[in-house]
Amino acid sequence: REPLDMEVKAEAWRPPWFEHHVQPCMAELLGTALFICTGVLAVVEDTGGTGRLQPALAHGLALGTTVAVLGDI
């Protein structure tokens, strides 16, 4: 019989390798691709009168949309 003062501790839960290493890298890759694409498209479609405002608004709206859509994850 085991003494009553000894407690058996369960091993702490560790996320699988995929969740720990691959998912953060994929999220970083997709986020960077989103901002590069929106920035490039905002500059390519520049009408000449907006200056630096159009790329700034494009990045801001992309970030706001991403947070609104994926904020619960």
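Check the entry above for the structure.
Residues numbered from 1 in each chain as written. Predicted model: local features only at pLDDT ≥ 70, side-chain atom pairs only at ≥ 80, totals over all residues. Heavy atoms only, no water.

Trainee: Please explain the overall build of the protein as it appears in this structure.
Mentor: Per the secondary structure count, the protein includes 2 helices and 0 strands. Expressed as a percentage of its 73 residues, the buried residues of the protein come to 7%. If you sum the accessible surface of the protein, you get close to 6,700 Å²; carbon and sulfur atoms cover 67% of it. (Helix = DSSP H or I, 4+ residues; strand = E, 2+ residues; numbered from the N terminus. Buried < 20%, exposed > 50% of the residue type's maximum accessible area, 1.4 Å probe, protein only. Areas by Shrake-Rupley, 256 points an atom, 1.4 Å probe, with all protein chains shown as cover.)

Trainee: Help me out: how do you make sense of the side chain of Thr 38 in this one?
Mentor: Among the secondary structure elements, Thr 38 is positioned in helix α1 (residues 17–44). At 3.1 Å, the side chain of Thr 38 forms a polar contact with the backbone oxygen of Phe 35. Look past the residues within four positions of Thr 38 in its chain and what remains in contact with it is Ala 58, His 59 and Ala 62. (Polar contact = N/O pair within 3.5 Å; in protein donor to acceptor, adjacent residues only side chain to side chain. Contact = heavy atoms within 4.5 Å.)

Trainee: Can you walk me through the environment of Arg 52 in this structure?
Mentor: With respect to the secondary-structure elements, Arg 52 resides in the loop between α1 and α2 (53–70). Judged by relative accessible area, Arg 52 falls into the exposed class, the value being 78%. A C-alpha to C-alpha distance of 9.8 Å links Arg 52 and Ala 42, two positions 10 residues apart in sequence.

Trainee: Would you mind showing me how to read the layout of surface pockets here?
Mentor: Rolled over the atoms, a probe with the dimensions of a water molecule shows which regions are left empty. One number sums up the size of the largest pocket: a volume of about 330 Å³. Lining the largest pocket are 10 residues, with Ala 27, Leu 30, Gly 31, Thr 66 and Leu 70 positioned closest to its centre. Every element with two or more residues in the lining of the largest pocket is listed here: α1 and α2. No other element matches the 6 residues that α1 contributes to the lining of the largest pocket. Per-class residue counts for the lining of the largest pocket are 7 nonpolar, 2 polar and 1 charged. (1 Å grid on protein atoms, 1.4 Å probe; cavity = no way out; pocket = protein on both sides within 12 Å on 5 of 7 lines; lining within 4 Å. Points joined across faces, edges and corners; volume = space filled by probe spheres on them. Nonpolar A, V, L, I, M, F, W, Y, C, P; charged D, E, K, R; others polar.)

Trainee: Sorry if this is basic, but what is going on with the packing of α1 against α2 here?
Mentor: For any two helices packed against each other, the geometry comes down to the angle between their axes and how far apart the axes lie. In the contact formed by α1 and α2, the axes pass within 8 Å of each other and the chain directions differ by 145 degrees. Here α1 runs over α2; the crossing is right-handed. Across from Leu 34, Phe 35, Thr 38, Gly 39, Ala 42 and Val 43 in α1, the residues of α2 making contact are Gln 54, Pro 55, Ala 58, His 59, Ala 62, Leu 63 and Thr 66. (Axes fitted to C-alpha atoms, helices over the stretch in contact; angles between N-to-C directions. Left-handed = near helix turned anticlockwise from the far one by under 90°.)

Trainee: Help me understand α1 in this model?
Mentor: The α-helix advances 3.6 residues per turn, and as a result positions three or four apart in sequence lie on the same side. Look at α1: 40 Å from first C-alpha to last across 28 residues, which is about the 40 Å you get at 1.5 Å a residue. The sharpest bend along α1 measures roughly 30 degrees and falls at Gln 23, with the proline Pro 24 sitting one to four residues further on. For α1, every residue scored as buried is listed here: Thr 38, Gly 39 and Ala 42. Buried-residue contacts for α1 involve α2. (Expected span 1.5 Å × (residues − 1). Bend = angle between axes of the 7 residues up to and from the residue.)

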